[in-house]
Amino acid sequence: MKWVLAPPVSCRGVKASGTGGQFRVVIDKEIMLCEAGESKTVVILNRKAEESVEAEHANGANVWIVPTAEGTKLTSGSLIEVITSTEKWKKPKGAATCAVTVIGGGGGGGSGSLTAEKIENGGGGGGGGGASNFYVFAAGALGAEEECTIGKGGAGGISQTTEGEGKVGEAGKVSHFGELLFAAGGTAGGAGKAAGGGAGGAVNKGQFPGNAGGAGGKGVAGVAPAAPTGGGAAGGGGGGGSTTLVFNKGGAGGFSYLGSEAVAAGGAVTGEEGKAGAEGLKESGLPGHGGGGGASGFDASAGKGGAGGKYGGGGGGGGAAQIVGKATGAGGAGGEGAIIIVTEF
């Protein structure tokens, strides 16, 4: 089939493979699924699309051209793809460049300690944020397919109901775009102890390093992460430490300097959980915020740390407990990683 008049841009091909996406040609009651071919040619993929009936058409019949959603994307200047689970990415037809942002999974927060004979107990440390790396690839440098591996967020340290130290969180996992670009996961938050609060996850390495988590408090409130030092995801707040006299608040979660300065609150009353970190702006590749730390338990179980925000935010540390039989706060899980690909045509 050939065009007589110039077709819409989204249905126009300049190479054998075409640069436009698929589109529908509607003639009377027949719907044909087509694809742009070379110059004025049209490749018919299916003459009986969408359960229509193939038919002969008289000269002068009305013809309607309806681009598919994908066709509109491919000719609107750019195509944004956000990948949040491990899969094979297929390079779009007609791509010129692909700007790729890779975010690692966030680190999990540590849980708080429980030692009844101690006057003070330590809250768990907040997990560190996942790193973020960025590169613009010429489309010709990429394969027809690239394996995208999404780093999972680290699990938080588990709650304790018997006397002893808390548990360390898990580090976030690495995200990979093929063998071409990767981003490290966030570091784990430390376990709360009678001797002191758990250490916050450390800053990791990357083009935009993930930020550190806040330390758990020993008999005092949990610590919010320091001001961000990198453009990666934010770390979680530290869990509140317990005493025989009062509970203590959890530290607020952190933020990245790429994005909003709003933070997730730590637990503010005895046994309250920390709030979950805010999700980053995925279309722009902005990373997530850290979860708030859990409040300690004075005469109740302690609060768990808030989960790190998508994508790559560190989990908050869990609060400490003071009474045997009451649970310490579990650490919050780190936010999952992501890969964002912006293709220009």
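Residues numbered from 1 in each chain as written. Predicted model: local features only at pLDDT ≥ 70, side-chain atom pairs only at ≥ 80, totals over all residues. Heavy atoms only, no water.

J.: Just give me the short version of the overall build of the protein chain, but keep the residues and values in it.
T.: Secondary structure assignment for the protein chain yields one helix and 14 strands. Counting only residues that meet the buried cut, the protein chain has 49% of its 345 residues in that class. Long-range contacts, defined as pairs at least 24 residues apart, comprise 69% of the intrachain contacts of the protein chain with a sequence gap of at least 6. Put simply, the protein chain shows about 14600 Å² of open surface, and 57% of that area lies on carbon and sulfur atoms. (Helix = DSSP H or I, 4+ residues; strand = E, 2+ residues; numbered from the N terminus. Buried < 20%, exposed > 50% of the residue type's maximum accessible area, 1.4 Å probe, protein only. Contact = heavy atoms within 4.5 Å. Areas by Shrake-Rupley, 256 points an atom, 1.4 Å probe, with all protein chains shown as cover.)

J.: Lay out the environment of V174 in plain terms, naming residues and giving numbers.
T.: Tracing the sequence through the fold places V174 in the loop between β10 (145–149) and β11 (175–177). Here the alpha-carbon distance between V174 and G106, two residues 68 residues apart in the chain, equals 9.4 Å. Not counting the four nearest positions on each side in its chain, V174 is found in contact with T149, I150, G151, F182, A183, A184 and G185.

J.: How would you summarise the sheet that holds strand β12 (residues 181–183) if you had to cite specific residues and measurements?
T.: The antiparallel open sheet is built from four strands, whose spatial order is β6-β10-β11-β12. Sheet topology places β6 (87–90) and β12 at the edges, where each strand pairs with a single neighbour. For this sheet the average axis-to-axis angle between neighbouring strands, irrespective of direction, equals 20°. Bridge analysis of β11 against β12 gives three bridges, and the strand direction is antiparallel. Each bridged residue has a counterpart across the sheet, and for F177 the counterpart in β12 is L181. (Pairing = 2+ DSSP bridges. Axes fitted to C-alpha atoms, helices over the stretch in contact; angles between N-to-C directions.)

J.: Can you tell me about the pairing of strand β14 (residues 338–344), naming the residues and giving the values?
T.: Each regular strand carries side chains that alternate between the two faces of the sheet. Where burial is concerned, most of β14 is hidden: five out of the seven residues are buried. By the bridge criterion, six bridges tie strand β5 (residues 78–83) to β14 in an arrangement that is antiparallel. Following the sheet pairing, I83 is matched in β14 by I339. With seven bridges connecting them, strand β7 (residues 97–103) and β14 associate as antiparallel partners. Bridged to C98 within β14 is T343.

J.: So, the sheet that holds β5: which residues are in play, and what are the values?
T.: Pairing in this open sheet of four strands is antiparallel, and the strands run β5-β14-β7-β9 from one edge to the other. Strand pairing shows two members of the sheet lacking a second neighbour, β5 and β9 (132–138), which therefore form its edges. Within the sheet, the average angular offset between the axes of one strand and its neighbour, ignoring direction, is 15°.

J.: Explain the confidence of the model for the protein chain residue by residue, including any values.
T.: Do not read the predicted coordinates in detail wherever pLDDT is low. The share of residues in the protein chain with pLDDT of 70 or more is 87%, and the mean pLDDT across the chain is 85. Mean pLDDT values over the elements of the protein chain span from 54, in helix α1 (residues 69–74), up to 97, in β11. Low pLDDT, under 50, characterises residues 14–18; the predicted model gives this stretch 12 contacts beyond four residues in sequence or across chains. (pLDDT = per-residue confidence, 0-100.)

J.: Talk me through the side chain of N211; I want residue IDs and the actual numbers.
T.: Structurally, N211 can be placed in the loop between β12 and β13 (242–243). Residues within four places of N211 in sequence aside, it is in contact with G128, G129, V203, P228, T229, G230, G232, A233, A234, G235, F255 and S256.

J.: Could you give me a rundown of the environment of Y135, with the residues and numbers involved?
T.: Among the structural elements, Y135 can be located in strand β9. On the basis of relative accessible area, Y135 is assigned to the partly exposed category, the value being 47%. In this structure the C-alpha to C-alpha distance between Y135 and Q207, which are 72 residues apart in sequence, comes to 9.9 Å. For Y135, the contacting residues outside a window of four places in its chain are C98, A99, V100 and L181.

J.: Pulling in residues and values, what's your account of unusual backbone geometry?
T.: With an omega of 10°, the peptide bond between K310 and Y311 qualifies as cis. Along the chain, the position of Y311 falls in the loop between β13 and β14.

J.: Describe the side chain of S296, and please don't skip the residues or the numbers.
T.: Among the structural elements, S296 can be located in the loop between β13 and β14. In this structure the side chain of S296 is engaged in a polar contact, spanning 3.0 Å, whose partner is the backbone oxygen of G241. Excluding residues that lie within four positions of it along the chain, S296 makes contacts with G240, G241, S242, F247, N248, T270, G271, A302, G319 and A320. (Polar contact = N/O pair within 3.5 Å; in protein donor to acceptor, adjacent residues only side chain to side chain.)

J.: Any chance you could break down the packing of aromatic side chains for me, citing the residues and the numbers?
T.: Counted under the stated rule, the structure contains three aromatic pairs. Ring geometry for F137 versus F177: centroids 5.9 Å apart, planes at 40°, classification tilted. Of the two residues, F137 sits in strand β9 while F177 sits in strand β11, which places them 40 residues apart along the sequence. Taking relative accessible area as the criterion, F137 reaches 8% and is therefore assigned buried. Ring pairing ties together the aromatic residues W89, Y135, F137 and F177, which thus form one cluster. (Phe/Tyr/Trp six-rings, centres within 6.5 Å; stacked < 30°, edge-to-face > 60°.)

J.: So what's going on with the nonpolar core? Residues and values would help.
T.: The biggest cluster of nonpolar side chains holds 14 residues, and the ones touching the most others in it are I83, W89, V100, V102, F177, I339 and I341. Secondary structure elements with two or more residues in this core: β7, β12 and β14. Examining the composition of this core, we find that three residues originate from one element, β7, more than from any other. Filtering out sequence-adjacent residues up to four positions away, I341 remains in contact with L79, I80, E81, I83, W89, C98, A99, V100 and F177. Ranked by size, the runner-up nonpolar core spans six residues in total, among them V25, I27, C34 and V42. (Core = buried A, V, L, I, M, F, W, Y, C linked by side-chain atoms within 4.5 Å.)

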